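Descriptive analysis of the structure
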Amino acid sequence: MNFDDLFSGFFDRDFYESTKYKAYYNKDKTKVIFVFNTLGISADDIKVDFDKDVMHVVGKTKVEETGATNSVDYKLRLDMQEYKGFEFDSRDGYTYVYATLAEAPKKVEVKRIAR
């Protein structure tokens, strides 16, 4: 059992530290919204960039009162041909990366083979 499983009943959060991120489609399925856990990092200290097919979300904030430094360094491999643009915003301990799809996902039809 990992830390997040052990304490999941104590905290009401969409996802926990070991998960690092979740991905959702927006309502009209034209964007994928990647949500990264960046709790403790100032929104101004978050940077998102790309190296070929790897999205890199990084940030570091020093807490003056305690001398501690909070940091994140996430890497996520993507098929860049699926996307035509990216935007991001950080607020409330999360960083939201809005990835505009090159083409809306097609509904795949699955048929049962007749016997």
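Above this note sits the structure.
One structure accompanies this document, and this report is about it. All values reported here derive from a predicted model rather than from experimental measurement. (Residues numbered from 1 in each chain as written. Predicted model: local features only at pLDDT ≥ 70, side-chain atom pairs only at ≥ 80, totals over all residues. Heavy atoms only, no water.)

1. Some words on the sheet that holds strand 5 (residues 69-77)
In spatial order, the strands read 3-4-5; together these three strands make up an open sheet with antiparallel pairing. Because the sheet does not close on itself, it has two edges, and the strands there are strand 3 (46-51) and strand 5. Ignoring strand direction, the axes of neighbouring strands in this sheet form an average angle of 15°. Sheet analysis places strand 3 next to strand 4 (residues 54-62), joined by six bridges and oriented antiparallel. Bridging across to strand 4, Asp49 finds its partner in His56. (Pairing = 2+ DSSP bridges. Helix = DSSP H or I, 4+ residues; strand = E, 2+ residues; numbered from the N terminus. Axes fitted to C-alpha atoms, helices over the stretch in contact; angles between N-to-C directions.)

2. Notes on the side chain of Thr61
With respect to the element layout, Thr61 can be found in strand 4. A distance of 2.8 Å separates the side chain of Thr61 from the backbone nitrogen of Ser42, its partner in a polar contact. A polar atom in the side chain of Thr61 sits 2.7 Å from the side chain of Asp45. Leave out the neighbours within four places in its chain, and Thr61 touches Gly40, Ile41, Ser42, Asp45, Ala68, Thr69 and Asn70. (Polar contact = N/O pair within 3.5 Å; in protein donor to acceptor, adjacent residues only side chain to side chain. Contact = heavy atoms within 4.5 Å.)

3. Let's talk about the pattern of salt bridges
Tallying each qualifying case throughout the model produces four salt bridges. With a closest N to O distance of 2.7 Å, Asp89 and Arg91 form a salt bridge. Note on Arg91: relative accessible area 36%, which makes it partly exposed. Ionic pairing is found between Glu109 and Lys111, a salt bridge with its closest N-O pair at 3.6 Å. In terms of burial, Glu109 and Lys111 fall into one category: exposed. (Salt bridge = Lys/Arg side-chain N within 4 Å of Asp/Glu carboxyl O. Buried < 20%, exposed > 50% of the residue type's maximum accessible area, 1.4 Å probe, protein only.)

4. Remarks on the sheet that holds strand 1 (residues 21-25)
Read from one edge of the open sheet, four strands run 1-2-7-6, paired in antiparallel fashion. Of all the strands in the sheet, just strand 1 and strand 6 (83-91) have a single pairing partner and so form its edges. When the angles between neighbouring strand axes are averaged without regard to direction, this sheet yields 20°.

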